[in-house]
Amino acid sequence: MKAERKTAIAETLDVTTRQVERLLKQYNAERLHETVGVERADKGQHRIHNYWQEYIRKFYEDGLKEKKPHTPADVVREVQRHAVIDLRHEEGDHPHPATIYRILEPLVKQHKRRQKIRNPGSGSWLAVETRDGKLLKADFSNQIVQCDHTKLDIRIVDKDGNLLNWRPWLTTVVDTFSSCLIGYHLCHKQPGAHEVALTLRHAILPKRYPPEYELEKPWNIYGPPLQYFFTDRGKDLSKSKLIKTIGKRLGFQCELRDRPIQGGIVERLFKTINTELLAELPGYISQEEDGAERAEKEACLTIEDIDKLLARYFCDDYNHGPYPKDPRDTRFERWFRGMGNKLPEPLNERELDICLMKEEQRVVQAHGSVYFETLTYRCEELRSLQGEYVSLRYDPDHILTLYVYSLATGEKEGEFIGYAHAINMDIQDLSLDELSQLNKARSTAKRQHSNYDALLALDKRQKLVEQRKQEKKERQRSEQRKLREKSKRNSKVVELRKERAGKLAGSAEPMELLPERVLPEEIKPQVPVPPPQPVEPAAPAAPVEERHKLVIPKNQTLKRIW
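Now for a description of the structure that goes with this document. Residues take numbers from 1 onward in each chain, read along the sequence in its written order. Totals for whole chains, interfaces and linings use every residue, but because this is a predicted model, local features are given only for residues with pLDDT of at least 70 and side-chain atom pairs only at 80 or more, for both listing and counting. Think of the side-chain values as coming from all heavy atoms in the structure, minus any hydrogens and water.

**Describing the overall build of the protein chain**
So, point 1. Within the protein chain, the regular secondary structure consists of 14 helices and 13 strands.
So, point 2. Partly exposed describes any residue whose relative accessible area lies between the buried limit of under 20% and the exposed limit of over 50%, with all areas from a 1.4 Å probe on protein chains only and scaled to the type maximum. The burial tally for the protein chain puts 35% of its 562 residues in the buried class.
So, point 3. Should any heavy atoms of two residues lie within 4.5 Å, those residues are counted as being in contact. For the protein chain, the share of sequence-separated contacts (at least 6 apart) that also reach a separation of at least 24 residues comes to 62%.
So, point 4. Of the roughly 39,000 Å² of accessible surface on the protein chain, a fraction of 51% belongs to carbon and sulfur atoms. A run of DSSP states H or I qualifies as a helix once it reaches four residues; a run of E qualifies as a strand once it reaches two. Both are numbered from the N-terminal end. Here the accessible surface of atoms and residues is derived via Shrake-Rupley with a 1.4 Å probe, and residues count as covered only by protein chains that are part of the display.

**Here we look at the packing of helix H9 (residues 264–276) against helix H11 (residues 303–318)**
So, point 1. Their axes nearest at 12 Å, the elements H9 and H11 cross at an angle of 105 degrees. Considering their axes alone, H9 and H11 lie roughly perpendicular with respect to each other. For the pair formed by H9 and H11, the contact residues are Leu269, Thr272, Ile273 and Glu276 on the first element and Leu310, Tyr313, Phe314, Asp317 and Tyr318 on the second.
So, point 2. Charged means Asp, Glu, Lys or Arg here, nonpolar means Ala, Val, Leu, Ile, Met, Phe, Trp, Tyr, Cys or Pro, and polar covers whatever is left, Gly included. Its residues placed into classes, the contact of H9 with H11 shows six nonpolar, one polar and two charged. Every angle, taken between N-to-C directions, lies between 0 and 180 degrees, and every axis is a line fitted to C-alpha atoms, over only the stretch in contact when it is a helix. Working rule for angles: under 35 degrees goes down as roughly parallel, over 145 as roughly antiparallel, 65 to 115 as roughly perpendicular, anything else as oblique.

**Focus: a nonpolar patch on the surface**
So, point 1. For patches, a residue must show more than 30% relative accessible area and have no salt bridge; joins then use 9 Å for like charges and 5 Å for nonpolar side chains, namely Val, Leu, Ile, Met, Phe, Trp and Tyr. Salt-bridge detection follows one rule: a side-chain nitrogen of Lys or Arg within 4 Å of a carboxyl oxygen of Asp or Glu. A grouping of Ile9, Leu13, Val15 and Leu23 is seen on the molecular surface, where their side chains present a nonpolar patch of about 300 Å² in accessible area.
So, point 2. Within the secondary structure, Leu13 is located in helix H1 (residues 2–13).

**Focus on the sheet that holds strand E13 (residues 416–422)**
So, point 1. As summarised here, the arrangement of the six strands in space is E8-E11-E12-E13-E10-E9, forming an open sheet in which the pairing is antiparallel. If you trace the sheet from one side to the other, it starts and ends with strand E8 (360–363) and strand E9 (369–372), each paired once. The sheet shows a mean angle of 35 degrees between the axes of neighbouring strands, taken without regard to direction.
So, point 2. The pairing of strand E11 (residues 389–395) with strand E12 (residues 398–405) spans five bridges and is classified as antiparallel. Considered in E12, the bridge of Leu392 is made with Val404. Two strands are said to pair when DSSP picks up at least two bridges between them.

**Some remarks on the packing of aromatic side chains**
Aromatic ring pairs are described here by two measures, namely the spacing of the ring centres and the angle between the planes.
So, point 1. When two rings of Phe, Tyr or Trp (its six-membered ring) have centres within 6.5 Å they constitute a pair, described as stacked for plane angles under 30 degrees, edge-to-face for angles over 60, and tilted for the intermediate range. Counting across every chain of the model gives 18 aromatic pairs.
So, point 2. With a centroid separation of 6.5 Å and 80 degrees between ring planes, the pair formed by Phe314 and Tyr318 is classed as edge-to-face. You can see Phe314 and its partner Tyr318 sitting in helix H11, four residues apart, about one turn around the helix.
So, point 3. Residue class for Tyr318 comes out buried when judged on its relative accessible area of 6%.
So, point 4. Summarising the aromatic geometry, the rings of Phe372 and Tyr377 are spaced 6.4 Å apart at their centres and angled 55 degrees between planes, so their arrangement reads as tilted.
So, point 5. Linked through ring pairs, Tyr184, Tyr209, Tyr213, Trp219, Tyr313, Phe314 and Tyr318 together constitute an aromatic cluster.
So, point 6. Charges are assigned to positions over rings by a cutoff of 6 Å between ring centre and Lys NZ or Arg CZ, combined with an angular limit of 35 degrees from the ring normal. Stacked on the ring of Tyr318, the Lys or Arg Arg331 has its end atom at 4.0 Å from the ring centre.

**What to know about unusual backbone geometry**
So, point 1. Even without being a glycine, Asn341 presents a positive backbone phi close to 60 degrees.
So, point 2. The residue Asn341 is located in the loop between helix H12 (331–338) and E8 in this model.
So, point 3. Of note in this structure, His367 is not a glycine but carries a positive phi near 60 degrees.
So, point 4. Mapping His367 onto the fold places it in the loop between E8 and E9.
So, point 5. For His367, a relative accessible area of 46% puts it in the partly exposed group.

**A short note on helix H6 (residues 193–204)**
So, point 1. Multiplying 1.5 Å by the helix residue count minus one yields the expected span of that helix. With twelve residues, H6 should reach 16 Å at 1.5 Å per residue; the first-to-last C-alpha distance of 16 Å fits that figure.
So, point 2. With ten of its twelve residues buried, H6 lies for the most part within the structure.
So, point 3. By the burial criterion, the buried members of H6 are Ala193, Glu195, Val196, Ala197, Leu198, Thr199, Leu200, Arg201, Ala203 and Ile204.

**Some words on the sheet that holds strand E4 (residues 169–175)**
Backbone hydrogen bonds are what pair the strands of a sheet, in a parallel or an antiparallel way.
So, point 1. Spatial ordering of the open sheet is given by E5-E4-E3-E6-E7, a layout of five strands whose pairing is mixed. With partners counted over all chains shown, the strands left at the sheet margins are strand E5 (181–187) and strand E7 (253–256), one partner each. Averaged over neighbouring strand pairs, the angle between their axes works out to 20 degrees when direction is ignored.
So, point 2. Of the pairings in the sheet, the one linking E4 to E5 comprises six bridges and is antiparallel in character. If you follow Leu170 over to E5, its bridge partner there is Leu186.

**With respect to the pairing of strand E1 (residues 126–129)**
Along any regular strand, the residues point their side chains to alternate faces of the sheet.
So, point 1. Every second residue of E1 is oriented toward a common face, with Leu126 and Val128 on one face and Ala127 and Glu129 on the other, all of them buried.
So, point 2. Here E1 runs beside strand E2 (residues 135–138); their pairing, made up of four bridges, is antiparallel. The residue of E2 that forms the bridge with Leu126 is Ala138.
So, point 3. Between E1 and E2, which pair antiparallel one after the other, the connecting turn spans five residues, and Gly133 there sits at a positive phi close to 90 degrees.

**Looking at the environment of Gln53**
So, point 1. Looking at where Gln53 falls in the secondary structure, it is placed in helix H3 (residues 50–65).
So, point 2. You can call Gln53 buried: its relative accessible area is 11%.
So, point 3. When the C-alpha positions of Gln53 and Pro95 are compared, they lie 9.4 Å apart, and in sequence the two are 42 residues distant.
So, point 4. Setting aside residues no more than four positions away along its own chain, Gln53 makes contact with His46, Ile48 and Ile103.

**Remarks on the nonpolar core**
So, point 1. If you look at the biggest cluster of nonpolar residues, it comprises 53 residues, and the most contacted ones within it are Ile246, Ile273, Ile306, Leu310 and Phe314.
So, point 2. Going through the elements one at a time, strand E3 (144–151), E4, E5, H6, helix H8 (241–250), H9, H11 and H12 are the ones with two or more residues in this core.
So, point 3. For this core, the leading source of residues is H11, giving eight residues.
So, point 4. Residues contacting Ile273, with those up to four places away along its chain left out, are Leu170, Leu278, Leu310, Tyr313 and Phe314.
So, point 5. As used here, the term nonpolar core means buried Ala, Val, Leu, Ile, Met, Phe, Trp, Tyr and Cys residues forming a set that is joined through side-chain atoms within 4.5 Å. If you look at the next biggest cluster of nonpolar residues, it comprises 20 residues, including Tyr377, Ile399, Leu400 and Leu430.

**Points about H11**
The periodicity of an α-helix, 3.6 residues per turn, causes residues three or four places apart in sequence to face the same way.
So, point 1. Those residues of H11 not exposed but buried are Ile303, Ile306, Asp307, Leu310, Ala311, Tyr313, Phe314, Cys315, Asp316 and Tyr318.
So, point 2. Looking at the packing, one finds that the buried side of H11 touches E4, E5, H9 and H12.

**Details of empty space enclosed by the protein**
To find leftover empty space, a probe the size of one water molecule is rolled over the atoms.
So, point 1. Computed over the protein atoms alone on a 1 Å grid, cavities are sets of points where a 1.4 Å probe fits but cannot get out and pockets are open sets with protein on both sides within 12 Å along at least five of seven lines; a residue lines them when it has an atom within 4 Å of a point. Grid points are joined across faces, edges and corners, and a volume is the space filled by probe spheres set on the points. Tallied over the entire structure, the rule returns one cavity of 30 Å³ or more.
So, point 2. Space inside the largest cavity adds up to approximately 30 Å³.

**Considering the pattern of salt bridges**
So, point 1. As enumerated under the stated definition, the model contains 17 salt bridges in all.
So, point 2. The residue Glu214 makes a salt bridge to Arg312 at a minimum N-O spacing of 3.8 Å. Highlighted residues: Glu214 in the loop between H6 and strand E6 (228–231) and Arg312 in helix H11, separated in sequence by 98 residues.
So, point 3. What makes Glu214 exposed here is its relative accessible area of 52%.

Here it is, written out as structure tokens:
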């Protein structure tokens, strides 16, 4: 019988009867590799120009980006229009509609799959889709870790109570499987790759907070990403070499999410923080019309206060709250079960120094000290390395302690040497921003003080110089007077002047002066005189010629006239 033959074949091939029926069906349809004959070398490839393939894909994907997806028929009409109108081809000189449908088939299937995929925040299983189209399913804790930033909707003040013109930024690292918050970082400016690295370092290491944070429960949620570090497509994450380097060092892969909806878990956390924590605090910016003005008036919390409140909320409330998909478990219980009911092995803190900010090179000074950011640090292990270069790494939130490494040579990484502590610093803790503000204030005060001293010294110099110049002039004048008086002792000018004045006063005759000087231009041409006619001899007595005289009064001062 036919059924008995199928059973015998199945036992011979060690397969099921259903598999035998499939093979028989493929054999009859000549779809088995042994029966299809010689296959074409270009099977599965489109036999049209690459220009048309790229144009078809681009037109369809542009419609998806604009949220107006084109149907395959729309793409066929666009290809015909582009060929006839734009490229001036003849009618029919364009790809066949069947070829266009074959090119669009995988793109249409991918788009439909994206529409059917569930949000990571709902459903019986959790999955996220990467930018490359890969579907990542979270099966255990710390398998897929997500990271994102947000600007908190609250206004804060500085230590002196002055309102700051900026709002704090929060960077979080969340586990996709349990939605637990593993680590966070609060900073003043918009976060970049270094702030993400610090957040990842906080998430990996066990949390140890000082008593003033007043945590009621232990924060036993930590560990590195085991497979994927899932982030958005921001420039600070998608093009960061630092994050990729950390991933290679710790053994996880960096992936970018395809759409914002893929980050639903971490985005929902930001809304929860606003509604359950920040909305009750003074300085919260509500959605009301006068919410911003009211926040400026009520603001009284510092960034240190916000950090303490966030730590208490994440540790005591959020991580131990009910898990949204199964309220019978808390987020921590689901995370602990996903880790195999045991805590992960803590990593050595030295392995995570790569998460700190970029390295700084310094020369070791006398007594094993280094100079960094106007502070002097000392390390006992550096006493034998005086005059050599070392590499410094530091945490911007705790700048009073530096991590000293030897310089890397080639592929060999630098080795950890020791800790360098700031000397003569009694402050318990100090951040890089606070140190920069102190240095700026000190520099401003020094510059103002130096300017005042310089101006004061300049004023004194100018007064002294003017005083000495006046004294010099007085001495010169005094010497001139002495010389003149000495020369007058043997001079008879005064007696002669008096004698002459007496003579002029006693004389009654007027003084005769020279005639006024006549310019050449004022001389008038003389009329020619005719030759003299002979005259009769005149009388022997000739008249006396009179001379022109200028007479001035005696009491009038003489002027020099030339």
